[in-house]
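Here are the chains, one letter per residue:
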Amino acid sequence: MSDDPGSEADREADREEMISLRRSAMDSQARREHSRYELFNKLRSKHPDSARDTIDTVLDTLEADKLLSDAHFTEAYIRYRKSKGYGPIFIRHHLNGCKVPSDIINEQLYSDDPDWEAILQTLLNKKLRGELPKRGSKEFLKIQRFLLSRGFSMEQVLKLWR
């Protein structure tokens, strides 16, 4: 005997759901790279009735098709945040929040990268528009707090005054 019509309809509904989830995921990826964790949460909020396993299956397929990658997301995120003047501590913290595996972060984010010094210098020049304030002054402390809040280490900040 053939399958009952209910199971055929169920399979068609599952197939349509997978297509809808994939389309939503690819639309999100077209706008910007996402970590798997971010994309999972985005799909959960857009498709609350979809099962977690179904979303995971769609994400696995996207990874197999090389359309979703935590490594690509990490590379793009680091490049973007560097261009906006953020330091390695800030970037690492956000990537950890996006559940990017530590080994991927460590492969791509170097705290001894020579770019950090140039980024710091650019931020300092924008902020000061003149000469460096004396260490320990009120202006120095204000700038130090700003640079630390941008995700630079105390060592990196103090290196500017040497």
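Residues numbered from 1 in each chain as written. Predicted model: local features only at pLDDT ≥ 70, side-chain atom pairs only at ≥ 80, totals over all residues. Heavy atoms only, no water.

## What to know about the environment of L148
Note the cut-off: Note on conventions: DSSP H or I runs of at least 4 residues are helices, E runs of at least 2 residues are strands, and numbering of each starts at the N terminus. Residue contacts are counted whenever heavy atoms from the two residues lie within 4.5 Å of one another.
Tracing the chain through its elements places L148 in helix α8 (residues 138-149). Each residue touching L148, except ones within four places of it in the same chain, is listed here: S153, M154 and V157.

## Remarks on the pattern of salt bridges
Our working rule: Salt-bridge detection follows one rule: a side-chain nitrogen of Lys or Arg within 4 Å of a carboxyl oxygen of Asp or Glu. Only protein chains enter the accessibility calculation, which uses a 1.4 Å probe. A residue is then buried if its area is under 20% of the maximum for its type, exposed if over 50%, and partly exposed in between.
All chains considered together, the criterion is met by twelve salt bridges. R36 is paired through a salt bridge with D56; the nearest N and O atoms lie 3.2 Å apart. A residue pair is termed long-range when its members are at least 10 positions apart, and R36 in helix α2 (residues 36-46) and D56 in helix α3 (residues 52-64) qualify at 20 residues. What makes D56 partly exposed here is its relative accessible area of 29%. Across the pair K82 and D115 runs a salt bridge whose closest N-O atoms are separated by 3.0 Å. Note that K82 is positioned in helix α4 (residues 70-83) and D115 in helix α7 (residues 115-128), a separation of 33 residues in sequence. What makes D115 partly exposed here is its relative accessible area of 38%. Through salt bridges with shared partners, a single network forms among R36, D56, D60 and E63.

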